[in-house]
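Residue strings, one per chain:
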Amino acid sequence: MLNQKVSVRQLKAARALLGWSQADLARSSGVSEPTIKRLEAGDGALGGRSDTGDKLQDALQRAGIVFFFENEASQRGGPGVRVKSSHTDEGLRPEQLTSENDG
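First things first, this report covers the structure right here in the doc. Within each chain, residues carry numbers counting from 1 in the order of the written sequence. Given that the model is predicted, a residue must reach a pLDDT of at least 70 before its local features are reported, and side-chain atom pairs must reach 80 or more before they are shown or counted; all residues, however, enter totals for whole chains, interfaces and linings. Computation of side-chain values: all heavy atoms of the structure, hydrogens and water removed.

**Looking at helix H4 (residues 50-62)**
An α-helical turn contains 3.6 residues, so any two residues separated by three or four positions project in the same direction. For H4, spanning 13 residues, the distance from its first C-alpha to its last is 18 Å, which sits close to the expected 18 Å at 1.5 Å a residue. For H4, every residue scored as buried is listed here: Thr52, Gly53, Asp54, Leu56, Gln57, Ala59 and Leu60. In this structure, the buried residues of H4 make contact with helix H1 (8-18), helix H2 (22-29), helix H3 (33-40) and strand S1 (65-68). Strands here are runs of E lasting at least two residues and helices are runs of H or I lasting at least four, both read from the DSSP assignment and numbered beginning at the N terminus. Where H4 terminates, the next one or two residues include Gly64, which has phi positive at roughly 110 degrees. Take the number of residues in a helix, subtract one, and multiply by 1.5 Å to get its expected span. To sort residues, take the accessible area from a 1.4 Å probe on protein chains only and compare it with the maximum for the residue type: under 20% means buried, over 50% means exposed, and anything in between is partly exposed. We call two residues in contact whenever any of their non-hydrogen atoms come within 4.5 Å of each other.

**Considerations on the nonpolar core**
Nonpolar side chains in soluble globular proteins tend to be buried together. The biggest cluster of nonpolar side chains holds 17 residues, and the ones touching the most others in it are Leu25, Leu46, Leu56, Leu60 and Phe67. Among the elements of the structure, H1, H2, H3, H4 and S1 are those that each provide at least two residues to this core. To qualify as a nonpolar core, a set must consist of buried Ala, Val, Leu, Ile, Met, Phe, Trp, Tyr and Cys residues joined through side-chain atoms within 4.5 Å.

**Things to note about the packing of H2 against H4**
Where helices are involved, their axes are fitted lines through C-alpha atoms of the stretch in contact, as for all axes, and angles between N-to-C directions lie from 0 to 180°. Running from N to C, H2 and H4 cross one another at 95 degrees; their axes reach a closest spacing of 9 Å. With respect to their mutual orientation, H2 and H4 come out roughly perpendicular. Counted together, Leu25, Ser28 and Ser29 of H2 and Lys55, Leu56, Ala59, Leu60 and Arg62 of H4 form the full contact between these two elements. Gly falls in the polar group here, along with every residue not listed as nonpolar (Ala, Val, Leu, Ile, Met, Phe, Trp, Tyr, Cys, Pro) or charged (Asp, Glu, Lys, Arg). The residue makeup of the contact of H2 with H4, split by class, is four nonpolar, two polar and two charged. Note that the term roughly parallel is reserved for angles under 35 degrees, roughly antiparallel for angles over 145, roughly perpendicular for angles of 65 to 115, and oblique for everything else.

**A few points about the packing of H2 against H3**
Between two packed helices, both the angle of their axes relative to each other and the distance between the axes serve to describe the pair. The contact between H2 and H3 brings their axes to 9 Å, and the two run at 120 degrees. What the angle tells us is that H2 and H3 run oblique. Seen from above, H2 lies across H3 with right-handed handedness. When H2 is examined against H3, the residues Gln22, Ala23, Leu25, Ala26 and Ser29 are found in contact with a partner set consisting of Glu33, Ile36, Lys37 and Glu40. In this scheme the crossing of two helices becomes right-handed for a clockwise turn of the near helix relative to the far one and left-handed for an anticlockwise turn of less than a right angle.

**A few points about the pairing of S1**
Here S1 shows two buried faces, one formed by Ile65 and Phe67 and the other by Val66 and Phe68. Any two strands with at least two DSSP bridges between them are considered paired. Pairing geometry for S1 and strand S2 (residues 80-83), over four bridges, is antiparallel. Across the sheet, Ile65 pairs through a bridge with Val83, a residue of S2.

**Some words on the pattern of salt bridges**
By definition, a salt bridge exists where a carboxyl oxygen of Asp or Glu is found within 4 Å of a side-chain nitrogen of Lys or Arg. Taken as a whole and judged by the stated rule, the model has five salt bridges. Notably, a salt bridge pairs Glu40 with Arg15, separated by 2.8 Å at the nearest N-O pair. With Glu40 in helix H3 and Arg15 in helix H1, this pair connects stretches of sequence that are 25 residues apart. Here the two residues Glu40 and Arg15 agree in accessibility, since each one is buried.

Below is the structure:
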């Protein structure tokens with residue numbers, strides 16, 4: 001279980017930053033599209049079962065979203081979202097090279 005619950009607005013903002021539809025989030029999270037549609041119809045804290053919210057939040061975080069929550073020590077404002085700065089693909093480590101991927 002994740003520590004803090006995202007809000008409906010954070011969920012929608014995160015999808016918008018990634019350019020994801022509700023169907024994209026459904027595929028990535030394993031939560032049905034109708035459930036996402038129902039949850040996003042509300043406002044405030046994300047409703048539904050806690051494991052559903054955890055799946056949605058986890059999928060967005062794996063895609064590079066960072067959530068900020070009210071009263072976080074590292075945050076200067078209220079709740080929000082941003083995309084992690086992209087990192088350069090460092091490729092394979094020498095011990096990961098095989099005849100199939102050495103090219």
